[in-house]
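Breakdown of the fold
Residue strings, one per chain:
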Amino acid sequence: MSRLAVPKTYKLFIGGKFPRSESGRVYEILSTKGDFVANAALASRKDLRDSVVAARSALSSWSGATAYNRGQVLYRIAEVLEGRRAQFIEEIVSVEGATAAAAAKQVDDAIDLWVWYAGWADKYTQVAGNANPVSGPYFNLSVPEPTGVVAVIAPQASGSLLGLVSVIAPVLAGANTVVAVPRFDAPLTAISFAEVLATSDVPSGVVNIITGKPAELAPWFASHADVNALDLAGAGDLDWVDLQIAAAETLMRVLPPVEGVPAASLARITAFTETKTVWHTKSLI
Amino acid sequence: MTILSTDHAHSLVGTDFSEKNLKAVLNGLPGVDAVGLEARAADLGTRSIKTSSKAWAIDKIISLIDLTTLEGADTPGKVHSLAAKGMLPDPSDTATPRVAALCVYGDMVGHAVDALGTLHGDPDAGLISIAAVATAFPSGRSSRAIKLADTRDAVAAGADEIDMVIDRSAFLSGRLGLVFEEIQAVKQSCVRTDGTSAHLKVILETGELNTYDNVRMASWLAMLAGGDFIKTSTGKVAPAATLPVTLLMLEAVRDWHAQTGQKVGVKPAGGIRTSKDAIKYLVTVSETVGEEWLTPHLFRFGASSLLNDVLLQRQKLSTGHYSGPDYVTID
Amino acid sequence: MSFLEYAPAPESTGLLNLRENYGHFIGGEFVDGSGESFASISPSTEKHIATFAAGTDEDVNRAVVAARKAYDSVWSKLSGADRGKYLFRIARLIQERARELAVAETLDNGKPIKETRDADIPLAAAWFFYYAGWADKLDYAGMGANPRALGVAGQIIPWNFPLLMLAWKIAPALAAGNTVVLKPAETTPLTAMLFAEICQQADLPAGVVNIVTGAGATGRAIVEHPDINKIAFTGSTAVGRGIARTLAGTGKKLTLELGGKGANIVFDDAPIDQAVEGIISGIFFNQGQVCCAGSRLLVQENVHDEVVDRLKTRLGTLRLGDPLDKNTDIGAINSKVQLERITALVAKGEAEGGERWSAACEIPEKGFWFAPTLFTGVQTSNTVARDEIFGPVLSILTFRTPAEAIAKANNTPYGLSAGIWSDKGSRILAVADKLRAGVIWANTFNKFDPASPFGGYKESGYGREGGIQGLSAYLEGGVR
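Just so we're clear, the structure is a prediction, and the values are computed from it rather than from any experiment.

1. Concerning the pairing of strand E5 (residues 199-203) of chain B
The side chains of a regular strand alternate, first on one face of the sheet and then on the other. Residues and elements named next belong to chain B. With 4 of 5 residues buried, E5 is to be regarded as a mostly interior element. Bridge analysis of E5 against strand E6 (residues 229-231) gives 3 bridges, and the strand direction is parallel. The partner of Lys-201 across the bridge, within E6, is Phe-229. After leaving E5, the chain enters helix H10 (residues 212-224) and then returns to the sheet as E6, a path that is right-handed.

Here it is in structure tokens:
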């Protein structure tokens, strides 16, 4: 006699908590065979607003932590993800219709991507920063500093876990906080991944994940004055030029859409940094 | 009721001039950022002083010079010649102002008195005063008793001003109380039998103080102890007067005046050789403490070769063509 | 007489050899414009200087065609070493003609000759020297081997540092292998035209540098031109925003250096005399018409009165007047429009309850002038504490704790510059970490160097100019 399973309620991930959408809206997630798998919360603009508040309030301590500490926190995500590898493979197979092998590869790639970006946390400032030999008695140093709160639209047609990780990880490595909209039709891995985040050492509010329609949410990001940067990686099917136009109102930093999963790169980290140059007088007397 | 300079010091330090109390005041002074100070001095040095302003400046510089000879080989004849030069700097133009003072070693004071004759007197009245270096100048390395005797001798011989050196070793090793007491003691030794007193210039020897913070602290210490003037250098140590150091001392004098109402003089000495340089000092005085400081009892140049360069410039201004060193006297 | 009333020491304009009419500089030649012309006047005297062409769409197109042709046929084929040599030549020519350029700049802009002579022009030369050396070393710029230039760069510069901003734009663009179409501001086109002569003297290949004069419409034509690969703009946030909108979706690289409302934070342990100088150079340098000006003074409450007293005393020694006089500290405001804007904002500051104090300066009859002005008793919500005035007006606020200072400093949509004054190194570094601004000066202010990246956070724009960062703004890819 088979045991009756206990299904999970998938909710949002905001400020370290798992609230339902304030709108009460959900949408059905079906397997590739058309079977009902779960209801996902359909985030509203108010959920988005709350996420930005959470991300903003987490920014100071996250960006103020030591780079070594951030690197360890990101590595911890990889560790916890590794421990729940089987669950993610199962979800990916079920919702994305991937083969078990392809799903396993996606999960492994996602884990390895965390390890890669974790290692950057205490190095990108050395590679992208510099001491400047100015003509005068001044100490002068340029360092990349976090841009702030970054909103990301995860890839919508690629592996749901790997796509999400590929846009979140560089933002975190750069000491920013993030509000992410995962792949709309396969959001379950994102919420399961939020559970990973909640049980690793990521402080509350550093990552916020709101499942919902990119077309509905993205304009609110683009016009939000407290969002510092917008990664449109997965917004290729949207009217993303309009989003970029809206973002110009506050000179928000915008990264245009990419095909598929963004490649791991240092440029993705530094895209969400600002070069800060500090001068100080230098004298023996 | 006359306000004694010690009253000013008491108002800032309290009744007890202990080293601890002095340090509390001096350590509370704002710091100096060397780069900013030097940049400000350089900026003041870019003022362009032309035509009528230049003519005024040149005469003013002459009237602020402590014409100096401080050599082991000084002779009475040298002092007489110096006095002659100070009284009539340019025989070809008797409208040339006299210098403010002659600055000599203590044993030469009598010769200076003789040489100046009736022109010996208050430079603010157009006469020439006599400044004597004392206190085992330039090193200051002798006993307190000798330093005070040195001072008394010079005053007795007719010196109007005493240029003393501070004990740099004591200052640098943190014995500020000792430096303070010594300045006070020398100040006491400046008192004449008739109760009047020679003016005291306190030489900080900034070239040995290492930092601008020390210069500011030493300036305040000298003013607290009753110095009438603070002076940069003996001229025997490099670097002697520099524009940034003088600017800093002028700022100290300005702040002291704001707090006590008392005006203390400043004397950059050593290394100022051209009128171009000297004009930069006039600009610095005017824009830091104000033009009212450009008077012999508040500002002096300690210099020997400066005078001739200024005279050459003066001749150029009055004749319209460049002069040459053969047209000014060497002494 | 008063010594402090220094006798006039004017720099002669005799060494200028200006034309009566200037056209554009396109394809290595001075050419007539196809549209109207406009006059540039000297803001200190309102006297006519010369007539310039208002660039039309057609003029801009000619310039872009020339730049494209030069890029395709000459500049992109030249070795980095040779590109560098041209830039070195230009740097030397700027040095050789420094006095002439300084006088022309002062005449056209209204800023004091001591600034053009000691800052604008030497820095412009330094910018070309610095980037000249990069031209054959692009492999080391952090973008891998043989990084690619972008193509034709459209560059629009402001009136506050005309030749220097030209250097900030042209030097890195050319070093990286781009050709340029540059538009100087309509009130200050003169030195750009002298620079065009320098390009000719340097024998720079035709079309590598093209200069089209004109106002907003000319700038728009550059921004909208389809054959331009990169836009670099320095100017107001409002215009920058419009450019960002225009370029949305085009994928063109964009550098924006926009407005600011820099906080200059003075702690109670600051080196006070140097801080006063820094506050003054922070807001009165170039009459405060500086995007990175330290226009908000945040002073710790226990030294507020002392700092304000010292500031007022020191401002009393600033000399306002003929910008060509070597002793002038405060020159003319660049234009009537700008003067009106400053006047209106100051009136608003008074109406909102700020206490205004202006230095007692004699204001010349002709020209556009504004006396150095302080506002005390300013609240963070006041207009003078929030809006960029772009004039010699300092708003003074107080703070009690470092946390409060940081919060107030960051409480602005801008994020270009900030200053910190303290004798405590660890505090300086900690505060610098928390300030959201692209350039932070500690115990100094308004220092610029070609090796030092400059640019803002937030609404102060994006991208950096200067240093290796400024180079990568003109190359494909890059991590800086």
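2. Details of the packing of aromatic side chains
All names here are of chain C. Under the criterion given, the structure shown has 30 aromatic pairs over all chains. Aromatic side chains Tyr-22 and Phe-52 sit 5.2 Å apart centroid to centroid with 10 degrees between the ring planes, which places their arrangement in the stacked category. Placement of Tyr-22 in strand E1 (residues 21-22) and of Phe-52 in strand E5 (residues 48-53) is noted, with a sequence separation of 30 residues between them. A single burial state applies to Tyr-22 and to Phe-52, both of which are buried. Their ring planes at 55 degrees and their centres at 5.9 Å tell us that Phe-448 and Phe-454 sit as a pair that is tilted. Connected via pairs of aromatic rings, a cluster forms that spans Trp-127, Phe-161, Trp-168, Phe-285, Trp-441, Phe-445, Phe-448 and Phe-454. The ring of Phe-30 carries Arg-19 above its face, with NZ or CZ at 4.1 Å from the centroid. Cation over ring: Lys-230 sits above Tyr-474, and NZ or CZ is 4.7 Å from the ring centre.

3. Thoughts on the interface of chain C and chain A
Taken together, the contact between chain C and chain A spans 41 residues of the former and 37 residues of the latter. Each partner contributes to the roughly 3,000 Å² buried at the junction of chain C and chain A, and carbon and sulfur atoms together form 53% of this total. Summed over the shared surface of chain C and chain A, the number is 2 salt bridges. Here Glu-274 of chain A and Arg-464 of chain C are joined by a salt bridge, their closest N and O atoms 3.5 Å apart. Across the contact surface, chain C and chain A share 21 residue pairs in polar contact (both at pLDDT 80 or more). Mapped by element, the contributors of at least two residues to the side of chain C that touches chain A are helix H8 (237-247), helix H14 (425-434), strand E17 (439-442) and helix H15 (467-472) of chain C. If one sorts the elements of the side of chain C that touches chain A by residue count, H8 of chain C sits on top with 5 residues.

4. A word on the sheet that holds strand E2 (residues 101-105) of chain B
Residues and elements named next belong to chain B. The parallel open sheet is built from 8 strands, whose spatial order is E7-E6-E5-E4-E3-E2-E1-E8. The open sheet has two edge strands, strand E7 (265-267) and strand E8 (301-303), and neither has a second partner. When strand polarity is set aside, the average angle formed by the axes of neighbouring strands in this sheet is 25 degrees. In the sheet, strand E1 (residues 65-68) pairs with E2 via 3 bridges, with the strands oriented parallel.

5. Focus on the nonpolar core
Residue and element names in this part refer to chain C. By size, the foremost hydrophobic cluster in this structure holds 117 residues, and its most contacted members are Phe-128, Leu-166, Phe-195, Val-209, Ile-211 and Leu-311. The element that contributes the greatest number of residues to this core is helix H5 (residues 162-176), accounting for 12 residues. In terms of domain composition, this core takes at least three residues from each of domain 1 (21-258 + 461-472) and domain 2 (263-449). Setting aside anything within four residues of it in sequence, one finds Phe-195 in contact with Ile-90, Ile-94, Phe-128, Leu-163, Leu-166, Ile-170, Val-209 and Ile-211.

6. A few points about the confidence of the model for chain B
Of the residues in chain B, 98% reach a pLDDT of 70 or more, and the chain-wide mean stands at 95. Two numbers describe this predicted complex: its pTM, 0.96, and its ipTM, 0.96.

7. Quick word on the pairing of strand E10 (residues 253-257) of chain C
Residue and element names in this part refer to chain C. With 4 of 5 residues buried, E10 is to be regarded as a mostly interior element. In this sheet, E10 lies alongside strand E9 (residues 230-234) in parallel orientation, the contact comprising 5 bridges. Within E10, the residue paired with Lys-230 across the bridge is Lys-253. The handedness of the E9 to E10 crossover, carried by H8, is right-handed.

8. Remarks on the pattern of salt bridges
Counted by the stated rule, this structure contains 65 salt bridges over all chains. Residues Glu-277 of chain C and Arg-40 of chain B are paired through a salt bridge, measuring 3.3 Å at the closest nitrogen-oxygen approach. Of this pair, Glu-277 of chain C sits in helix H9 (residues 272-284) while Arg-40 of chain B sits in helix H3 (residues 34-44), placing the two residues on different chains. Residue Glu-277 of chain C shares its accessibility class with Arg-40 of chain B, and that shared class is buried. Between Arg-310 of chain C and Asp-255 of chain B there is a salt bridge, and its shortest N-O distance comes to 3.2 Å.

9. Looking at the side chain of Glu-251 of chain B
Mapped onto the elements, Glu-251 of chain B comes out in helix H11 (residues 243-260). Non-local contacts of Glu-251 of chain B, meaning those with residues more than four positions away in its chain, are made with Leu-37, Arg-216 and Thr-288 of chain B together with Asp-273 and Gln-274 of chain C.

10. Notes on the interface of chain B and chain C
At the interface, 28 residues of chain B touch 27 residues of chain C. The contact between chain B and chain C buries some 2,300 Å² in all, and 49% of this surface belongs to carbon and sulfur atoms. Seen at the junction of chain B and chain C, the total is 6 salt bridges. Close ionic contact of Lys-114 of chain C with Asp-43 of chain B constitutes a salt bridge, the shortest N to O distance being 3.6 Å. Elements represented by at least two residues in the side of chain B that touches chain C include exactly H3, helix H4 (51-63), H11 and helix H12 (275-288) of chain B.

11. Digging into the packing of helix H3 (residues 85-96) of chain A against helix H4 (residues 100-120) of chain A
Residues and elements named next belong to chain A. At a minimum axis separation of 9 Å, H3 and H4 run at an interaxial angle of 125 degrees. Taken together, H3 and H4 sit at an angle that is classed as oblique. With respect to the hand of their crossing, H3 and H4 are arranged in right-handed fashion. Of the residues in H4, those touching H3 at Arg-85, Phe-88, Ile-89, Ile-92, Val-93 and Glu-96 are Ala-100, Ala-103, Ala-104, Gln-106, Val-107 and Asp-108. The residue makeup of the contact of H3 with H4, split by class, is 8 nonpolar, 1 polar and 3 charged.

Calculation criteria
Residues numbered from 1 in each chain as written. Chains lettered and ligands numbered in written order. Predicted model: local features only at pLDDT ≥ 70, side-chain atom pairs only at ≥ 80, totals over all residues. Heavy atoms only, no water. Buried < 20%, exposed > 50% of the residue type's maximum accessible area, 1.4 Å probe, protein only. Helix = DSSP H or I, 4+ residues; strand = E, 2+ residues; numbered from the N terminus. Pairing = 2+ DSSP bridges. Right-handed = clockwise from strand over helix to strand, strands pointing away. Phe/Tyr/Trp six-rings, centres within 6.5 Å; stacked < 30°, edge-to-face > 60°. Lys NZ or Arg CZ within 6 Å of the ring centre and 35° of its normal. Contact = heavy atoms within 4.5 Å. Buried area = accessible area lost by both parts, 1.4 Å probe. Salt bridge = Lys/Arg side-chain N within 4 Å of Asp/Glu carboxyl O. Polar contact = N/O pair within 3.5 Å; in protein donor to acceptor, adjacent residues only side chain to side chain. Axes fitted to C-alpha atoms, helices over the stretch in contact; angles between N-to-C directions. Core = buried A, V, L, I, M, F, W, Y, C linked by side-chain atoms within 4.5 Å. Domains from an automatic or database assignment. pLDDT = per-residue confidence, 0-100. Parallel < 35°, antiparallel > 145°, perpendicular 65-115°, else oblique. Left-handed = near helix turned anticlockwise from the far one by under 90°. Nonpolar A, V, L, I, M, F, W, Y, C, P; charged D, E, K, R; others polar.

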